[in-house]
Amino acid sequence: MTPLTWLYAPGDRPDVVRKALTAGADVVVIDLEDAVAPDRKDYARAATAELLSEPHHPTPVHVRVNALTTPWADRDLTTLAALPGVSGLRLPKATCPRDITDTAERTGTDGRRPPLYALLESALAIENAYAIASAHPALHGISLGEADLRADLGVRSDSGLDWPRSRIVNAARAAALAPPPQSVHPDVRDLDGLAATCAHGRALGFLGRAAIHPRQLPIIERAYLPTQDEIEKAETILKAAATNSSAQALPDGTFIDAAVVTEATRTLALARRD
């Protein structure tokens, strides 16, 4: 199933993690980094290891380990990478391809290591976006960490991040990765703002979004799933293409070519959550 919602939960709060696992997110991300104070890192790692020692959970579980430059990262990877309940490892503050290749080497062999996901959170990371995205077959996705990136760039308006956003969407596509999910909307009470920024992210080419509270999940899902009008339009396009493989125009003036058919196919696959 194509994931649209990625719900973060702090690793030092196993009670919150267990609630997150039943909140309806497509993926739960246990956060060992930003959400955990330095004096709680060891406890968070141990609690996460205990939880993920079992392979079966109602929701796939990723772990955001500590940044690779910190003293906790090696212990995170050594302790967690081989656990049966880990569906993915999220690598914060990745800046270059070597961050990915080194981590891939440290976390197992092909077929036995968990998928890796890189978080790009600095100007240098954005400059290296495609090199990071194509660094190793173990890397399954990239996304932005917008709070850190905003601070690094000194950006004061949300629109100032649109170029980095478009860059990682393009880098993911160029590297044959899935479209990246949007970064979190930090105000959990601002559901209208969440919906508006999801619409903007969808227009830029993102697919789905990270969340920090369960109340954000239905807003994100509704924003990213095709509307009924979009589904009906896609069905009309594919029906017309099935009877005439040449370029053509529908009665409403829509021109159909191979690219339009591809987009219609993608729309229906997302509607089915393939």
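Residue positions are given per chain, counted from 1 along the sequence in the order it is written. Totals for whole chains, interfaces and linings use all residues, but because this is a predicted model, local features are given only for residues with pLDDT of at least 70 and pairs of side-chain atoms are given and counted only at 80 or more. Only hydrogens and water are set aside when side-chain values are computed; all heavy atoms of the structure are taken into account.

## Thoughts on the overall build of the protein chain
Turning to step 1, where the next piece is worked out: Put simply, DSSP H or I for four residues or longer makes a helix, DSSP E for two residues or longer makes a strand, and each gets a number counted from the N terminus. Helices and strands together make up the secondary structure of the protein chain, namely 12 helices and 9 strands.
Turning to step 2, where the next piece is worked out: Radius of gyration: C-alpha atoms only; globule rule: 2.2 Å multiplied by the number of residues to the exponent 0.38. Taken over C-alpha atoms, the radius of gyration comes to 20 Å for the protein chain, in line with the 19 Å a tight globule of 274 residues would show.
Turning to step 3, where the next piece is worked out: With respect to the three principal axes, the spread of C-alpha positions in the protein chain is 65 × 45 × 35 Å.
Turning to step 4, where the next piece is worked out: For the protein chain, buried positions account for 46% of its 274 residues.
Turning to step 5, where the next piece is worked out: Accessible surface computed for the protein chain: about 13400 Å², of which carbon and sulfur atoms make up 54%.
Turning to step 6, where the next piece is worked out: Charge assignment: positive for Lys and Arg, negative for Asp and Glu; neither His nor the chain ends contribute. Lysine's charge is taken at NZ, arginine's at CZ, aspartate's at CG and glutamate's at CD. Positive and negative charge centroids in the protein chain, built from 29 and 35 side chains respectively, lie 1 Å apart. When a residue's accessible area, from a 1.4 Å probe over protein chains only, is under 20% of the maximum for its type it is buried; when over 50% it is exposed; and in between it is partly exposed. Only the protein chains shown count as cover for residues, and all accessible areas are computed by the Shrake-Rupley method using a 1.4 Å probe.

## Focus: unusual backbone geometry
Turning to step 1, where the next piece is worked out: One non-glycine residue, Lys93, lies in positive phi territory at about 55°.
Turning to step 2, where the next piece is worked out: With relative accessibility at 32%, the residue Lys93 sits in the partly exposed group.
Turning to step 3, where the next piece is worked out: The phi dihedral of Ala176 falls on the positive side, at around 60°, and the residue is not glycine.
Turning to step 4, where the next piece is worked out: Among the secondary structure elements, Ala176 is positioned in the loop between helix H8 (162–174) and helix H9 (191–204).
Turning to step 5, where the next piece is worked out: We classify Ala176 as exposed; its relative accessible area is 67%.

## Regarding the packing of aromatic side chains
Turning to step 1, where the next piece is worked out: Between rings of Phe, Tyr and Trp, where Trp is taken as its six-membered ring, a pair exists when centres lie within 6.5 Å; planes separated by under 30 degrees are stacked, by over 60 edge-to-face, and by other angles tilted. Tallied over the full model, the rule gives 1 aromatic pair.
Turning to step 2, where the next piece is worked out: Judged by centre distance (6.2 Å) and plane angle (65°), the rings of Trp6 and Tyr117 are edge-to-face. Taken together, the residues Trp6 in strand S1 (residues 5–10) and Tyr117 in strand S5 (residues 116–120) connect sequence positions 111 residues apart.
Turning to step 3, where the next piece is worked out: Think of it as a cone above the ring: NZ of Lys or CZ of Arg counts as a charge over the ring if it is within 6 Å of the ring centre and within 35 degrees of the ring normal. One residue, Lys41, lies across the ring of Trp72, its end atom 5.1 Å from the ring centre.

## Thoughts on the sheet that holds S5
Turning to step 1, where the next piece is worked out: For two strands to count as paired, DSSP must find a minimum of two bridges between them. Strands sit in the order S6-S5-S4-S3-S2-S1-S7 across an open sheet of 7 strands; the sheet is parallel. Looking along the sheet, the strands with just one partner apiece sit at the ends: strand S6 (139–144) and strand S7 (209–211). Going across the sheet, the axis of each strand differs from the next one's by a mean of 25°, ignoring polarity.
Turning to step 2, where the next piece is worked out: As defined by bridge partners, strand S4 (residues 88–91) adjoins S5 across 3 bridges and the pair is classed as parallel. Residue pairing in the sheet places Leu91 in a bridge with Ala118 of S5.
Turning to step 3, where the next piece is worked out: Pairs of residues are marked as contacts when any of their non-hydrogen atoms sit within 4.5 Å. Working convention: axes come from line fits to C-alpha atoms, limited for helices to the stretch in contact. Angles between N-to-C directions cover 0 to 180 degrees. Docked against the sheet, helix H4 (residues 97–106) engages S4, S5 and S6, running at close to 150° with respect to S5.

## Description of the environment of Ala138
Turning to step 1, where the next piece is worked out: Among the secondary structure elements, Ala138 is positioned in the loop between helix H6 (129–133) and S6.
Turning to step 2, where the next piece is worked out: For Ala138, a relative accessible area of 7% translates into the label buried.
Turning to step 3, where the next piece is worked out: When the C-alpha positions of Ala138 and Tyr117 are compared, they lie 8.6 Å apart, and in sequence the two are 21 residues distant.
Turning to step 4, where the next piece is worked out: Each residue touching Ala138, except ones within four places of it in the same chain, is listed here: Ala104, Arg113, Pro115 and Leu116.

## Observations concerning the pattern of salt bridges
Turning to step 1, where the next piece is worked out: We define a salt bridge as a contact between a side-chain nitrogen of Lys or Arg and a carboxyl oxygen of Asp or Glu at a distance within 4 Å. Scanning all chains against the criterion turns up 23 salt bridges.
Turning to step 2, where the next piece is worked out: Between Asp34 and Arg64 there is a salt bridge, and its shortest N-O distance comes to 3.5 Å. Taken together, the residues Asp34 in the loop between strand S2 (27–31) and helix H2 (41–51) and Arg64 in strand S3 (residues 61–64) connect sequence positions 30 residues apart.
Turning to step 3, where the next piece is worked out: Owing to a relative accessible area of 10%, Arg64 belongs among the buried residues under this scheme.
Turning to step 4, where the next piece is worked out: A salt bridge links Asp76 to Arg45, with the nearest nitrogen and oxygen atoms 2.7 Å apart. One end of the pair, Asp76, is in helix H3 (residues 73–80); the other, Arg45, is in helix H2, and 31 residues separate them in sequence.
Turning to step 5, where the next piece is worked out: Taking relative accessible area as the criterion, Asp76 reaches 1% and is therefore assigned buried.
Turning to step 6, where the next piece is worked out: Members of the salt-bridge network, linked through shared partners, are Asp31, Glu33, Asp34, Arg64, Lys93, Glu121 and Asp148.

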